[in-house]
Amino acid sequence: PRIVPTLQLLRDQVAPLTGPLEVVSGFRTRDYNQRAGGASGSRHLWFEAVDVVPVRRWSRAALHQQLVAWWRGPAGRQKVGLGLYDGVRFHLDTWRRRTW
């Protein structure tokens, strides 16, 4: 049940901007999270977060620009954690509002 709000956000708000998305990371055990370089308080540990990549071809700069504009604008005051990584992989959760 904890992942449902994040998946709904992906479906309803993010995918319309990016096109289809592929989830590449969801729940993580503490051991796996540590090996993956995740934060000790990662929302993946509670299955509240996903890391995704767009199926459609994007440049890193264009995707990040689109996501940051959404996070600053339409995402507004929603509890949205948005993490931007190397390449086109990004993190999304609905635990609290923050970005990195």
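Residues numbered from 1 in each chain as written. Predicted model: local features only at pLDDT ≥ 70, side-chain atom pairs only at ≥ 80, totals over all residues. Heavy atoms only, no water.

(A) Seen up close, the side chain of Arg28. Mapped onto the fold, Arg28 is located in the loop between strand S1 (21-25) and helix H2 (30-35). Of note is the side chain of Arg28, whose polar atom sits 2.9 Å from the side chain of Asp51. When residues no more than four places from it in sequence are discounted, the contact partners of Arg28 are Asn33, Ala36, Gly38, Ser42, His44, Leu45, Asp51 and Arg89. (Helix = DSSP H or I, 4+ residues; strand = E, 2+ residues; numbered from the N terminus. Polar contact = N/O pair within 3.5 Å; in protein donor to acceptor, adjacent residues only side chain to side chain. Contact = heavy atoms within 4.5 Å.)

(B) Quick peek at helix H3 (residues 60-72). For H3, which comprises 13 residues, the first-to-last C-alpha distance of 18 Å matches the rise-based estimate of 18 Å (1.5 Å per residue) to within 8%. For H3, the full list of buried residues reads Leu63, His64, Leu67, Trp70 and Trp71. Across the axial projection of H3, the buried residues extend over an arc of 130°, all falling on one side. Structural note: H3 exposes Ala61, Gln65 and Arg72 on the side pointing more than 90 degrees away from its buried face. (Expected span 1.5 Å × (residues − 1). Buried < 20%, exposed > 50% of the residue type's maximum accessible area, 1.4 Å probe, protein only. Arc of directions from axis to C-beta.)

(C) Representation of the layout of surface pockets. Taken as a whole, the largest pocket encloses approximately 300 Å³ of empty space. Taken together, 19 residues form the lining of the largest pocket, with Arg28, Gly38, Ala39, Ser42 and Tyr85 sitting closest to its centre. Among the residues making up the lining of the largest pocket, the classes are represented as seven nonpolar, seven polar and five charged. (1 Å grid on protein atoms, 1.4 Å probe; cavity = no way out; pocket = protein on both sides within 12 Å on 5 of 7 lines; lining within 4 Å. Points joined across faces, edges and corners; volume = space filled by probe spheres on them. Nonpolar A, V, L, I, M, F, W, Y, C, P; charged D, E, K, R; others polar.)

(D) The arrangement of the pattern of salt bridges in detail. Evaluated as defined, the whole model comprises seven salt bridges. Here Asp12 ties to Arg11 by a salt bridge, and the two come within 2.6 Å at their closest N and O atoms. Using a relative accessible area of 46% as the deciding quantity, one classes Asp12 as partly exposed. In this structure, Asp51 engages Arg28 in a salt bridge whose closest nitrogen and oxygen atoms are separated by 2.9 Å. Taken together, the positions of Asp51 in strand S2 (residues 49-54) and Arg28 in the loop between S1 and H2 put the pair 23 residues apart, joining distant regions of the chain. (Salt bridge = Lys/Arg side-chain N within 4 Å of Asp/Glu carboxyl O.)

(E) Region of the structure containing the packing of aromatic side chains. On inspection of all chains with the given rule, the structure shows one aromatic pair. Relative to Phe47, the ring of Phe27 lies with its centre 6.5 Å away and its plane at 80°, an arrangement referred to as edge-to-face. Of the two residues, Phe27 is situated in the loop between S1 and H2 and Phe47 in the loop between H2 and S2; the sequence distance between them amounts to 20 residues. Look at Phe47 and you get partly exposed, because its relative accessible area is 36%. Sitting over the face of the ring of Trp95, Arg43 holds its NZ or CZ atom 4.0 Å from the ring centroid. (Phe/Tyr/Trp six-rings, centres within 6.5 Å; stacked < 30°, edge-to-face > 60°. Lys NZ or Arg CZ within 6 Å of the ring centre and 35° of its normal.)

(F) Region of interest: the environment of Val24. Structurally, Val24 can be placed in strand S1. Counting along the chain gives 67 residues from Val24 to His91, while the straight-line C-alpha distance between them is 9.8 Å. With sequence-adjacent residues up to four places away left out, Val24 is seen in contact with Asp51, Val52, Val53 and Arg89.

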